[in-house]
Amino acid sequence: MEKGLPLREAVQAVLNRRGESKYGLAKKMGVHPQGFDTTLKRDVRLSTFFKLAEALDMTPGQLATEVEKLRS
């Protein structure tokens, strides 16, 4: 995983634990799978963060906690 991308790493960690793929997550969010990883490499908008949490069946707070685990 790339250093300095805690959201991307947190999403990947959640997906790995669940045995799910980024492709499936992108489809749940209604975004094009090819550009999905690129989106996670950028600073995401708050609305994207909320959509991401929803697609992961998590609250935004739970997703934020996953990100914080990687930052510490």
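Refer to the preceding data block for the structure.
Now for a quick tour of the structure. Since this is a predicted model, take the numbers as computed values, not measurements. (Residues numbered from 1 in each chain as written. Predicted model: local features only at pLDDT ≥ 70, side-chain atom pairs only at ≥ 80, totals over all residues. Heavy atoms only, no water.)

Let's shift gears to the nonpolar core. With 18 residues, the main nonpolar core has Leu-7, Val-11, Leu-25, Phe-36, Leu-52, Leu-56 and Leu-63 as its most contacted residues. If you list the elements that add at least two residues to this core, you get helix 1 (6-18), helix 2 (22-29), helix 3 (33-41), helix 4 (46-55) and helix 5 (60-71). Examining the composition of this core, we find that 5 residues originate from one element, helix 1, more than from any other. (Core = buried A, V, L, I, M, F, W, Y, C linked by side-chain atoms within 4.5 Å. Buried < 20%, exposed > 50% of the residue type's maximum accessible area, 1.4 Å probe, protein only. Helix = DSSP H or I, 4+ residues; strand = E, 2+ residues; numbered from the N terminus.)

What follows covers the environment of Gly-30. When you line up the elements, Gly-30 lands in the loop between helix 2 and helix 3. Taking the C-alpha atoms as reference points, Gly-30 and Ala-55, separated by 25 residues in sequence, lie 9.5 Å from one another.

Moving on, we come to helix 1. Here helix 1 contains 13 residues, and its C-alpha end-to-end distance of 18 Å stays within 8% of the 18 Å for a straight helix at 1.5 Å per residue. Residues Leu-7, Arg-8, Glu-9, Ala-10, Val-11, Gln-12, Val-14 and Leu-15 constitute the buried set of helix 1. Buried-residue contacts for helix 1 involve helix 2, helix 3, helix 4 and helix 5. Gly-19 occupies a position one or two residues after helix 1 and carries a positive phi of about 70 degrees. (Expected span 1.5 Å × (residues − 1). Contact = heavy atoms within 4.5 Å.)

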